[in-house]
Amino acid sequence: MPHGEQAQQRTHGATPAGGQWYPPEWPDRIRALADGSLTPVEPRRAATVMLLKDTAAGPVVHMLRRRTTMAFAGGAYAYPGGAVDPRDEDRLVGWAGPDLDDWAARLRTDARTAQAIVCGAVRETFEEAGVLLAGETADTVVGDTTGADWEADRQALVARELSFAAFLDRRGLLLRSDLLGAWARWITPEFEPRRYDTWFFVAALPEGQRTRNASTEADRTVWIRPADAADGYDGGELLMMPPTISTLRSLEPYRSAADALAASAGQDLDPVLAQAALENGEVVLSWPGHDEFTKRVTFGGGS
């Protein structure tokens, strides 16, 4: 029987919350990484957006639940997002807000890569939530995007039949990079077969637009207060990966979407990468700076 099936988990120190996503195959993969039989795959660049809107009870964030049939994080709650399209760095796009050099400095990368990451954040938000952070001028944003013509373009983007730059050009739109704030960066652990180097952004829902579940990967969407979502995670009701619950908790202090966006400039973008080790017969999985997620797994013997 594989080690992962025999593993009995126990926690030391900070107790991980009940909703932490922890696949049973992780201990075996961690052991394989430690003994050199597993070679890490190169992570793909990705972007995800914490879309906020204000309510009388404070800001709420748009979240989707991944279908339980998904191979990666099935049933977990997350934000709209996905892998960067390499075409997003091939040509300059219509742009408003901080220039690419400023974004490159903020994201700690080169200008072309910065454009691809920011484009990925805006494109994925449109693809998965139907919300578009773009306008005809540097101080306007498009309104309702639920018409049939918008849907045809959205589906063409999803199918990669249309590049994001071509989409913006055809509609005479500028990407409103000033409506985004970079918030965090997490890299999928080295033992995972599907790895992403993901930049998290925050943005406010533009006036006149509304979200919808446009993702084929999600079976439901919700608007929820970050504190309420965190309570659901702590109670084991909402399943989440460490980057999701960590960023949710970091949103709790802000009383409006504008406050969160303004605070984004001071957020730490040091990449967070899980570390795995074998200690006295235990597999220890930790995320530096995030003790809440530390896991120790003891094996019951056998092979």
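Residues numbered from 1 in each chain as written. Predicted model: local features only at pLDDT ≥ 70, side-chain atom pairs only at ≥ 80, totals over all residues. Heavy atoms only, no water.

### Re the overall build of the protein
Right, on to step 1. Scanning the protein for helices and strands turns up nine helices and 15 strands.
Right, on to step 2. Residue burial in the protein is summarised as follows: out of 303 residues, 52% are buried.
Right, on to step 3. A separation of at least 24 residues holds for 72% of the contacts in the protein among residues at least 6 apart in sequence.
Right, on to step 4. As presented, the protein carries roughly 13200 Å² of accessible surface, and 48% of it is formed by carbon and sulfur atoms. (Helix = DSSP H or I, 4+ residues; strand = E, 2+ residues; numbered from the N terminus. Buried < 20%, exposed > 50% of the residue type's maximum accessible area, 1.4 Å probe, protein only. Contact = heavy atoms within 4.5 Å. Areas by Shrake-Rupley, 256 points an atom, 1.4 Å probe, with all protein chains shown as cover.)

### Things to note about helix H2 (residues 26-35)
Right, on to step 1. Where H2 is concerned, the buried positions are Trp26, Pro27, Ile30 and Ala32.
Right, on to step 2. In this structure, the buried residues of H2 make contact with strand E13 (275-279), strand E14 (282-287) and strand E15 (290-298).
Right, on to step 3. Among the residues trailing H2, Gly36 stands out with phi positive, at a value near 85°.

### Examining the pairing of E14
Right, on to step 1. When you tally the buried positions in E14, you get five out of six residues, the bulk of the element.
Right, on to step 2. Two strands pair when backbone bridges link them, and E13 and E14 are joined in this way by five bridges, in the antiparallel orientation. Counterpart to Ala276 in the pairing with E14 is Leu285.
Right, on to step 3. Count of turn residues in the E13/E14 antiparallel hairpin: two residues, of which Asn280 carries a positive phi of about 50°.
Right, on to step 4. Pairing analysis gives five bridges linking E14 to E15, with the strands arranged antiparallel. Note that in E15 the partner of Leu285 across the bridge is Lys295.
Right, on to step 5. Between E14 and the antiparallel strand that follows it, E15, lie two residues; Gly289 among them carries a positive phi value of about 85°. (Pairing = 2+ DSSP bridges.)

### Notes on the sheet that holds strand E6 (residues 95-96)
Right, on to step 1. Strand order in the open sheet formed by three strands is E6-E8-E7, and the pairing between neighbours is mixed. In this open sheet, the two edge strands, each paired with only one partner strand, are E6 and strand E7 (134-135).
Right, on to step 2. By the bridge criterion, two bridges tie E6 to strand E8 (residues 174-176) in an arrangement that is parallel. Residue Ala96 lies in a different strand from E8, and its bridge partner there is Arg176.

### Brief notes about the environment of Ile245
Right, on to step 1. Turning to its location among the elements, Ile245 is positioned in helix H8 (residues 242-251).
Right, on to step 2. With a relative accessible area of 0%, Ile245 lands in the buried category.
Right, on to step 3. On a C-alpha basis, the gap between Ile245 and Ala229 in space is 8.3 Å, while along the polypeptide they are 16 residues apart.

### Observations concerning the pairing of strand E3 (residues 60-66)
Right, on to step 1. Extensive coverage of E3 is indicated by the burial of six of its seven residues.
Right, on to step 2. Bridge analysis of strand E2 (residues 44-53) against E3 gives two bridges, and the strand direction is antiparallel. Bridging from a neighbouring strand, Leu52 pairs with Val61 of E3.
Right, on to step 3. The hairpin turn running from E2 into E3, its antiparallel successor, is six residues long, and Gly58 in that turn takes a positive phi close to 110°.
Right, on to step 4. Relative to strand E4 (residues 77-78), E3 runs antiparallel, the two sharing two bridges. Residue pairing for E4: Arg65 is matched across the bridge by Tyr77.

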